[in-house]
Amino acid sequence: MRNKVLNNALPAMALVAAAGMSTAAQAALVNTWSYEVTSEFSNAGFEASGTGSQSSTPTRISWSGTNGATSAIGVTSTPTSGMLDTNGLWNLADQYYHENNVLPGGTKSLESADLTIKIALTPFDPAGGALDPIEHTFNISFIETNNAGTGGFCADGGAWGVGINSAGCADIFVLDFDFGQFDFTYDGAAYSLFIFEDPESAPTLGFLSNEACASAGVAAGCFGFLTAEAKTTFAQFVLSIEGREVPEPAALALFGLGLVGLGATRRRKAA
């Protein structure tokens, strides 16, 4: 009798489980987030010797020659704030630049620095409390190249006077951009925040030649950009966020119960 009752109950249990999964207790996604991106430069390292003057602030690092010209790297405006829709379009983050001006040989120039990016997220729809900021530090390797090159070639391996080197050898900016994806959970749902160069702007960043990487003192396959002489090069970054609902434990247990029930039902029918 007991087995008969159980056999009659199992199909019902399976149906309940299946229905439960269709309306399962899942963590609802945040539709819209407010965000704020803050960038800060630090640990500027300059050549051991040379002439000129140097300056370092959280938003700009500069080095000047005895001719009065100044080169610099920096962030145009920080912080940058806005709204992001989950699984929607990207939105603007901070913009960075390199001012490349002609400096006399022997100018004490930048060699390295750190760029720390902090991203604060707050659920906007539905409203919620602010998350702990996402923070990451990227290392910068830089070389102020010899504008005249050597033997008709520049430090990046390209020919002097051609392309990016048309006004003199381009400087080399390497960003240790090891990753641009940050995973986190909120209210039981899983999210990934991405930071990358704006696809709608002229591409600046990319993988550099082996010669450029070696000149900057880093391994082959490095990531960054070349900056034409007597110009300012910009790199605009953007953010996007993706999310996915994760079934809660109770829903998973209910689903497991349903599988057991369906399995038992099939075995009983086969017998």
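Cut-offs applied
- Residues numbered from 1 in each chain as written.
- Predicted model: local features only at pLDDT ≥ 70, side-chain atom pairs only at ≥ 80, totals over all residues.
- Heavy atoms only, no water.
- Salt bridge = Lys/Arg side-chain N within 4 Å of Asp/Glu carboxyl O.
- Helix = DSSP H or I, 4+ residues; strand = E, 2+ residues; numbered from the N terminus.
- Buried < 20%, exposed > 50% of the residue type's maximum accessible area, 1.4 Å probe, protein only.
- Phe/Tyr/Trp six-rings, centres within 6.5 Å; stacked < 30°, edge-to-face > 60°.
- Pairing = 2+ DSSP bridges.
- pLDDT = per-residue confidence, 0-100.
- Contact = heavy atoms within 4.5 Å.

**What about the pattern of salt bridges?**
Step number 1: Per the counting criterion, the structure on display carries two salt bridges.
Step number 2: Glu-99 is the salt-bridge partner of Arg-60, the closest N and O atoms lying 3.1 Å from each other. Of this pair, Arg-60 sits in strand β3 (residues 60-64) while Glu-99 sits in strand β6 (residues 91-100); the two residues are 39 residues apart in sequence, bridging distant segments of the chain.
Step number 3: In this structure Arg-60 comes out as partly exposed when scored by relative accessible area, which is 28%.
Step number 4: Here Lys-118 ties to Glu-135 by a salt bridge, and the two come within 3.8 Å at their closest N and O atoms. Taken together, the residues span a long stretch of sequence, with Lys-118 in strand β7 (residues 110-125) and Glu-135 in strand β8 (residues 134-143) at a distance of 17 residues.
Step number 5: Judged by relative accessible area, which is 48%, Glu-135 ranks as partly exposed.

**Overview of the packing of aromatic side chains**
Step number 1: Using the criterion set out here, one finds 14 aromatic pairs in the structure.
Step number 2: With centroids separated by 5.7 Å and ring planes inclined at 65°, the aromatic side chains of Trp-33 and Tyr-186 adopt a geometry described as edge-to-face. Note that Trp-33 is positioned in strand β1 (residues 32-46) and Tyr-186 in strand β10 (residues 181-186), a separation of 153 residues in sequence.
Step number 3: Seen in terms of ring centroids, Trp-90 and Phe-196 are 6.3 Å apart; in terms of plane orientation they differ by 80°. Their pairing is edge-to-face. With Trp-90 in the loop between β5 (80-85) and β6 and Phe-196 in strand β11 (residues 189-197), this pair connects stretches of sequence that are 106 residues apart.
Step number 4: With a relative accessible area of 32%, Trp-90 lands in the partly exposed category.

**Regarding the pairing of β3**
Step number 1: Among the five residues that make up β3, four are buried, leaving the element largely enclosed by the rest of the structure.
Step number 2: As paired strands, strand β2 (residues 53-57) and β3 are joined by five bridges and run antiparallel to one another. Looking at β3, one finds that Ser-53 is bridged to Ser-64.
Step number 3: Hairpin connection, β2 to β3: the antiparallel pair is bridged by two residues.
Step number 4: As paired elements, β3 and strand β4 (residues 70-75) share five bridges and run antiparallel to each other. By the bridge assignment for β4, Ser-64 is matched with Thr-70.
Step number 5: With antiparallel pairing between neighbouring strands as the criterion, β3 and β4 make up a hairpin whose turn holds five residues, including Gly-68 at a positive phi of roughly 90°.

**Quick notes on the confidence of the model for the chain**
Step number 1: Of the residues in the chain, 81% have a pLDDT of 70 or more, and the chain-wide mean is 87.
Step number 2: Considering only residues more than four positions removed or in separate chains, one finds that residues 9-24, a stretch of pLDDT under 50, has 17 contacts.
Step number 3: Under a pLDDT of 50 for its full length, residues 251-255 has, in the predicted model, eight contacts with residues more than four places off or in other chains.

**Looking at the sheet that holds β7**
Step number 1: With respect to topology, seven strands assemble into an open sheet ordered β5-β1-β7-β8-β9-β13-β12, the strand pairing being antiparallel. Every other strand in the sheet has two partners, leaving β5 and β12 (206-207) as the edge strands with one partner each.
Step number 2: Strand direction decides the pairing type here: β8 and strand β9 (residues 171-175), joined by four bridges, are antiparallel. The residue bridging Ser-141 from the neighbouring strand is Val-174, located in β9.

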